[in-house]
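Observations on the three-dimensional arrangement
The primary structure of each chain is shown beneath.
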Amino acid sequence: MAAKTTDFPAKQKQLNDDIASGNFKPCYLIYGEEAYLRLQNRDKLLKALGCDETSMNFNRYEGDGNIPGQIIDMAQTMPFLADKRVILVQDSGFFKNGCPELAEYLKEPSDTTLFIFVEKEVDKRKDIYKAVSKLGFEIDCDVQSDETLMRWIKSKFAQDGKTISPRAQAVFIDRVGTDMSNIATEIEKLVCYCIDRNEITEADIESVCANYLTSRIFAMTDAISAQDQKRAMELYYDLLALKEPPAKILSLITRQFNLMLQVKEMTDNRRDKGQIASSLKLAPFLVGKYQNWARSYSYKQLKDALELCASNDEAVKSGKLDYIISVEMVIIGSTSKRSAG
């Protein structure tokens, strides 16, 4: 799954520099699909600012039921025996739905209050987003690319004195998915399982790691390519029941179609499985699976499917469509009787 942003490393370095130097901006906005990165950066900031639940100058507002006026009143309250009051606003929906009161306040905020906003979704057209971007610092903690995840996985294992081959890393990602919180949990399990050995093998991954997400996405792709709409929808509702975000499911479906198109093109250009695996950073044993799926589609059908995924994603972000319905539409559109293309 390709990352949507290209400036995350630079933004992360800038945030780390602020923390290391102690030169903080008046406000920070941490947002994006990757919860692990959102919460990690939130906690790093709070620790650097000396904030915990017992701090007299720290206030937390969480959820979508908060009243902007109350937050503003607290922001205008002087800190007690300290230079700064820190206010954390998390999962408020202010940056998705808008919050004119806070947007207006942030044009001339108190210089004794520092804001940390943590949100999954933002609408960059909203005044509050523009106000925070102008006043402080924002970082998009989006889903990371497979290449970035593989480097991160390698470093996480190295911290515990373990090594893992590139092939085993690819198998690991394909098995546990790209959610970094889940990856971190599975790494801990593998480190404990291999306590007496230095190398993490593919056999270890098969024995230890849960395959709940990838297996269902692969099964859904099987059903979609076989035009089995009923089975594909059942698997989709299973994922929703497991609390998987529809946005992530749509991204994974998009990734599958994108890989099918690339594999089809390379196969038709007489590239062998090893070359395809290397080019697309896929485990070699997965290339055959994508080749089989791709045979069910013409180039036009794959491009139409990708266009449907992209247009539905855009429709959701512009508020024209609900994410759950958008994925249903992709599944229905991709499993309807296909014409030759």
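Residues numbered from 1 in each chain as written. Predicted model: local features only at pLDDT ≥ 70, side-chain atom pairs only at ≥ 80, totals over all residues. Heavy atoms only, no water.

1. Brief notes about helix α7 (residues 146-159)
- With 14 residues, α7 extends 20 Å from end C-alpha to end C-alpha; this agrees with the ideal 20 Å at 1.5 Å per step.
- When α7 is considered as a whole, its buried residues turn out to be D146, L149, M150, W152, I153, K156 and F157. End-on, the buried residues of α7 take up no more than an arc of 165°, which puts them together on one face. Facing away from the buried side of α7 by over 90 degrees, the exposed positions are R151 and Q159. (Helix = DSSP H or I, 4+ residues; strand = E, 2+ residues; numbered from the N terminus. Expected span 1.5 Å × (residues − 1). Buried < 20%, exposed > 50% of the residue type's maximum accessible area, 1.4 Å probe, protein only. Arc of directions from axis to C-beta.)

2. Things to note about the sheet that holds strand β4 (residues 113-119)
- If you trace the five strands from one edge of the open sheet to the other, you get β2-β3-β4-β1-β5, paired in parallel fashion. Across the chains shown, the open sheet's two edge strands, defined by having one partner strand only, are β2 (58-62) and β5 (137-140). On average, each strand axis in the sheet is tilted by 10° relative to the strand beside it, whichever way the strands run.
- Lying over the sheet, helix α1 (residues 8-21) contacts β1 (27-31) and β5, oriented at roughly 135° with respect to β5.
- With respect to the sheet, helix α3 (residues 68-75) is in contact with β2, β3 (85-90) and β4, its orientation differing from that of β3 by roughly 160°. (Pairing = 2+ DSSP bridges. Axes fitted to C-alpha atoms, helices over the stretch in contact; angles between N-to-C directions. Contact = heavy atoms within 4.5 Å.)

3. Overview of the packing of helix α13 (residues 246-268) against helix α16 (residues 299-317)
- Running from N to C, α13 and α16 point in directions that differ by 155°, and their axes come no closer than 10 Å. Considering the angle they form, α13 stands roughly antiparallel to α16. The crossing of α13 and α16 is left-handed. Of the residues in α16, those in contact with L250, I253, T254, F257, N258, M260, L261, K264, E265 and D268 of α13 are Y299, L302, K303, A305, L306, C309 and D313.
- Within the contact of α13 with α16, the residues separate by chemical class into 10 nonpolar, two polar and five charged. (Parallel < 35°, antiparallel > 145°, perpendicular 65-115°, else oblique. Left-handed = near helix turned anticlockwise from the far one by under 90°. Nonpolar A, V, L, I, M, F, W, Y, C, P; charged D, E, K, R; others polar.)

4. Observations regarding the confidence of the model for the protein chain
- Taken over all residues, the pLDDT of the protein chain has a mean of 89, while the share at 70 or more is 95%.
- Contacts from residues 1-5, a stretch scored under 50 in pLDDT, to residues over four places away or in other chains number 18 contacts. (pLDDT = per-residue confidence, 0-100.)

5. As for unusual backbone geometry
- At L81, a residue that is not glycine, the phi angle is positive and equals roughly 50°.
- Here L81 shows up in the loop between α3 and β3.
- Unusually for a residue other than glycine, D91 sits at a positive phi of about 55°.
- In this structure, D91 sits in the loop between β3 and α4 (94-97).
- Assessed through its relative accessible area of 36%, D91 is described here as partly exposed.

6. With respect to the pairing of β4
- Burial of β4 is extensive: seven of the seven residues sit out of reach of the surface.
- Of the two faces of β4, the one holding T113, F115, F117 and E119 and the one holding L114, I116 and V118 are both buried throughout.
- Note: β1 against β4, five bridges, orientation parallel. Its bridge partner being in β4, I30 is matched across the sheet by V118.
- Sheet topology note: the β3/β4 ladder contains six bridges and is parallel. If you follow Q90 over to β4, its bridge partner there is V118.

7. Comments concerning the nonpolar core
- In this structure, M220 and F257 are the most contacted members of the largest nonpolar core, which totals 82 residues.
- Ranked by the residues each element gives to this core, the list is headed by α13, at 11 residues.
- Discounting chain neighbours no more than four positions away, the residues touching F257 are I224, Y297, L302, A305, L306, C309 and S334.
- If you look at the next biggest cluster of nonpolar residues, it comprises 22 residues, including Y31, F94, C99 and L102. (Core = buried A, V, L, I, M, F, W, Y, C linked by side-chain atoms within 4.5 Å.)

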